[in-house]
Amino acid sequence: MATVSIREARKAFGQFEVLHGVSVEIEDGEFVVLVGPSGCGKSTLLRMLAGLENITGGEIAIGGRVVNNVPPKDRDIAMVFQNYALYPHMTVFDNMGFSMKLAKAPKDVMEREVGRAARILGLEQLLHRYPRQLSGGQRQRVAMGRAIVRSPQVFLFDEPLSNLDAKLRVQMRSEIKELHQRLKVTTVYVTHDQIEAMTMADKIVVMNSGNIEQTGRPLDLYDRPANLFVAGFIGSPAMNMLEGEVTDGHFRGPDGTAWPLPQAGKAGTNGAGVVYGVRPEHLRIDPDGIPATVQIVEPTGSETQVALRVGEQALIGAFRERVSARPGEVLPISPDPDLVHLFDRKTGRRIDAGQPA
Amino acid sequence: MAGTDVSAHWVRPHIEPSWLARLFDWKPFLIFICMLPAAGLLLVFLTYPLGLGIWLAFTDTTIGRSGVWIGLENFEYMMGDRLFWQAVFYSVFYTAVATIGKFALGLWLALLLNNHLPFKSMLRAIILLPWIVPTVLSAIAFWWIYDAQFSIISYVVVDVLGWRDTYFDFLGSAWPARWSLIAANIWRGIPFVAITLLAGLQTISPSLYEAALLDGSTGWQRFRYITFPLLLPILAIVMTFSIIFTFTDFQLVYAITRGGPVNSTHLLATLAFQRGIPGGNLGEGAAIAVSMIPFLVFATLFSYFALARRKWQQGESND
């Protein structure tokens, strides 16, 4: 177990820089998720941590030791790959014990360690099988078992669940989290799925085009997104965003509709170029609210998602109650003013209450 | 829906198919028609010559005179023919040494080309050159390289570098000629091996190497435990083909030495031709050619068993 610090890490492929100096501090035993859209550099950062990509600039330290020039095998890390990277010609036992075989560990030690990992993951019955004969979830477990056998200081996961079907993904998600709670090994996990990030992480690092947009605990990111990117990325369905201006203690949308502002933010925030963000689940049906036209109604059982239109502005509402409205009808809605987020349109930054726009 | 006027819709008329359409819809006829061209080609150009060759091997046919059935006489004569046994020996030796050479060098070249190199595609094209040049043309080039008087190798070693006093005698005596032909065959065979093994190497997922790297492997261990076992299936196929092509080689030997000096470099194929066409003894030549069949059957069986899908390649059964 170890801390990991990434300080001003840069990565360039030739002239093309893909990471522009990112810094993350990871505490001992922490579960950190790097999340972002494809091509944001999250996997590259993980591979730099593993030693599979060299570090163009900055510093990466594992357990206080700078590893910039340490070969992968000496970094004391284990990685689970997106496609699992199981050796197809070796049995589960040989796959899991391969690192020990290379290190010329005695046979009985190898059997003990592989057996221990197999017990943790429930793989005892499958040790003689080949990867081809395993289901997706079992392969995933073998890949994790291979990492556990090495008892590393840091676990690295590179989108490990993206090849599984939706149901298995949810199951493996909790298995990985449980494993982490049991082993308490520092873990860095890469995903593009914000739900995975929200449910698993102690700390989320949101990345976008080679930069870190925000670092924080999952609910902090949800409650106080630092900028428009994080606001749009975290939360599903995504936050509704209206462009307009703040005048007379109200937000005026593009077609002049007045939207209420947070109590604390009424004073001081005046001006144009404001983005008004409200999450679908923070809209409620209110007979005195803003009239919105229903476009599509999507009941999911636990809630009902309704695609709405206010003037030219499309909105999504997620209501706990069952909505009987039909497309074309008018549904009056109003946002919870205290859960509204304001952003500066130009910089994309969050505007905090009381702070001038 | 307001209107109930059905007649406004177009209804597909029922057309009775013609007898020709019905004939082509009849499966047995269709199968026969579709198989005919391929079966015809195989019969005329494969089965007939093979059958004729085997039949000739049991006759005393010579050029200009159709022979009579003489049973195993040709084969009995062959058993006592020192030249035949020499050709058997050289065919096996030639195949074994050339195959080992081709695979050692071809695998090495494939591993090199699998790395990130500048001008990778151009290098691959250059590697293929010996393969695309017609064999006879490269044989003539080698003939000159091995020439007693004009050999470029002798020129460089003797006249330029001064390492030797006399020119090499490549093709003048038995063993140098045998090794020279093997060298030429290796040169010609490397591209085939290198390119096919390269294709095999590219099917190995790079993440396996990365996983092995993290597992603490050295370069040699990655070759030994990852590359080689995963390459083995394709290696077996390529080796089978290579053995068959090398064992039945004719062009290279015939163009460079014609089996000489003193019949020392005859392969079974060149000896069969020598006896059958210039020598005129079609029956005897055919018998020598037929005697290659057991060797080729053995090579094919080897491939059949070596290629049998290994356990790890088998499908995802859950037993």
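Residues numbered from 1 in each chain as written. Chains lettered and ligands numbered in written order. Predicted model: local features only at pLDDT ≥ 70, side-chain atom pairs only at ≥ 80, totals over all residues. Heavy atoms only, no water.

Got a sec to walk through the environment of Thr59 of chain B? Specific residues and values, please.
Residue and element names in this part refer to chain B. With respect to the secondary-structure elements, Thr59 resides in the loop between α2 (27–57) and α3 (73–79). We classify Thr59 as buried; its relative accessible area is 0%. The spatial distance from the C-alpha of Thr59 to the C-alpha of Leu282 is 8.6 Å, given a sequence separation of 223 residues. Excluding anything up to four places from it in sequence, Thr59 contacts Gly67, Val68, Trp69, Ile70, Asn74 and Gly283. From its side chain, Thr59 meets the backbone oxygen of Leu56 in a polar contact 2.8 Å long. (Helix = DSSP H or I, 4+ residues; strand = E, 2+ residues; numbered from the N terminus. Buried < 20%, exposed > 50% of the residue type's maximum accessible area, 1.4 Å probe, protein only. Contact = heavy atoms within 4.5 Å. Polar contact = N/O pair within 3.5 Å; in protein donor to acceptor, adjacent residues only side chain to side chain.)

Break down helix α4 (residues 136–149) of chain A for me, citing the residues and quoting the values.
When the terminal C-alpha atoms of α4 of chain A are compared, their 20 Å separation across 14 residues agrees well with the 20 Å that a helix rising 1.5 Å per residue should span. In terms of residue burial, α4 of chain A counts as a mostly covered element, since twelve of its 14 residues are buried. Its buried side turned inward, α4 of chain A meets β6 (77–80), α2 (92–102), α3 (107–121), β7 (154–158) and α5 (166–183) of chain A together with α9 (206–214) of chain B. Once α4 of chain A finishes, Ser151 of chain A follows within two positions and takes phi at roughly 30°, a positive value. (Expected span 1.5 Å × (residues − 1).)

Pulling in residues and values, what's your account of the packing of helix α4 (residues 82–113) of chain B against helix α8 (residues 174–202) of chain B?
Between two packed helices, what matters for the description is the angle formed by their axes and the separation of those axes. Residue and element names in this part refer to chain B. Contact geometry of α4 with α8 gives a least axis separation of 6 Å together with a crossing angle of 40°. By the angle class used here, α4 and α8 are oblique. Handedness of the α4/α8 crossing: right-handed. In the contact of α4 with α8, the residues fall into 25 nonpolar, five polar and two charged. (Axes fitted to C-alpha atoms, helices over the stretch in contact; angles between N-to-C directions. Parallel < 35°, antiparallel > 145°, perpendicular 65-115°, else oblique. Left-handed = near helix turned anticlockwise from the far one by under 90°. Nonpolar A, V, L, I, M, F, W, Y, C, P; charged D, E, K, R; others polar.)

Describe in detail the side chain of Glu284 of chain B, supporting the description with residues and values.
All names here are of chain B. Residue position: Glu284 is located in helix α13 (residues 282–290). Take Glu284: its relative accessible area is 12%, and that puts it in the buried class. Those residues within four positions of Glu284 in sequence are excluded, and the remaining contacts are Asn74, Tyr77 and Arg275.

Can you explain unusual backbone geometry? Please cite residues and give values.
Residue and element names in this part refer to chain A. The step from Ser236 to Pro237 runs through a cis peptide bond, and the omega angle for that step is -5°. One non-glycine residue, Tyr84, adopts positive backbone phi at about 70°. At Ser209, a residue that is not glycine, the phi angle is positive and equals roughly 35°. Following the sequence through the fold, Ser209 ends up in the loop between β9 (203–208) and β10 (211–216).

Give a detailed account of the nonpolar core, specifying residues and quantitative values.
Counting 78 residues, the largest nonpolar core has Leu156 of chain A together with Ile226 of chain B as the members making the most contacts within it. The element that contributes the greatest number of residues to this core is α8 of chain B, accounting for twelve residues. Aside from chain neighbours lying at most four places away, what touches Leu156 of chain A is Leu46, Leu49, Ala50, Ile77, Ala78, Met79, Val80 and Val188 of chain A. Formed by 45 residues, the second largest nonpolar core is a distinct cluster that contains Tyr84, Phe157, Tyr189 and Phe233 of chain A. (Core = buried A, V, L, I, M, F, W, Y, C linked by side-chain atoms within 4.5 Å.)

Describe the pairing of strand β16 (residues 304–310) of chain A, listing the residues and the values that go with them.
It is a general feature of regular strands that their side chains alternate between the two faces of the sheet. All names here are of chain A. With respect to burial, β16 is a largely interior element, six of its seven residues being buried. Between strand β15 (residues 283–299) and β16, which follow one another and run antiparallel, lie four residues, and Gly301 among them has a positive phi close to 100°. One ladder, built from seven bridges, connects β16 with strand β17 (residues 313–319); its direction is antiparallel. Pairing of Val310 across the sheet is with Gln313, part of β17. Connecting β16 to the next strand, β17, in antiparallel fashion are two residues, including Gly311 with a positive phi near 60°. (Pairing = 2+ DSSP bridges.)

Describe the packing of α2 of chain B against α13 of chain B, with residues and values.
All names here are of chain B. The contact between α2 and α13 brings their axes to 7 Å, and the two run at 115°. As judged from the angle between their axes, α2 and α13 are roughly perpendicular. In the packing of α2 onto α13, the handedness of the crossing is left-handed. On the side of α2, the interface is formed by Gly53, Ile54, Leu56 and Ala57, while α13 contributes Gly283, Ala286, Ala287 and Val290. Class assignment for the residues of the contact of α2 with α13 results in six nonpolar, two polar and no charged.

Describe in detail the pairing of strand β8 (residues 186–191) of chain A, supporting the description with residues and values.
Residues and elements named next belong to chain A. In terms of burial, β8 is a largely internal element, six of the six residues being buried. Residues Thr186, Val188 and Val190 of β8 are buried on one face, and the alternating residues Thr187, Tyr189 and Thr191, pointing to the opposite face, are buried as well. Where strand β3 (residues 31–35) lies against β8, five bridges are found, and the strand directions are parallel. Bridging across to β8, Val32 finds its partner in Val188. In this sheet, β8 lies alongside β7 in parallel orientation, the contact comprising five bridges.

Outline the interface of chain B and chain A, supporting the account with residue identities and numerical values.
In this complex, chain B contributes 25 residues to the contact, which on the side of chain A involves 27 residues. Here chain B and chain A share an interface that buries about 2,400 Å² over both sides, 59% of which is from carbon and sulfur atoms. Linking chain B to chain A there are one salt bridge. Note that Arg47 of chain A is salt-bridged to Glu210 of chain B, the shortest N-O span being 2.5 Å. Joining chain B to chain A, the criterion identifies six residue pairs in polar contact (both at pLDDT 80 or more). Sorting the residues of the side of chain B that touches chain A by element identifies α9 and α10 (219–247) of chain B as the ones contributing at least two each. Looking at the side of chain B that touches chain A element by element, the count peaks at seven residues for α9 of chain B. Partitioning the side of chain B that touches chain A into residue classes produces ten nonpolar, ten polar and five charged. (Buried area = accessible area lost by both parts, 1.4 Å probe. Salt bridge = Lys/Arg side-chain N within 4 Å of Asp/Glu carboxyl O.)

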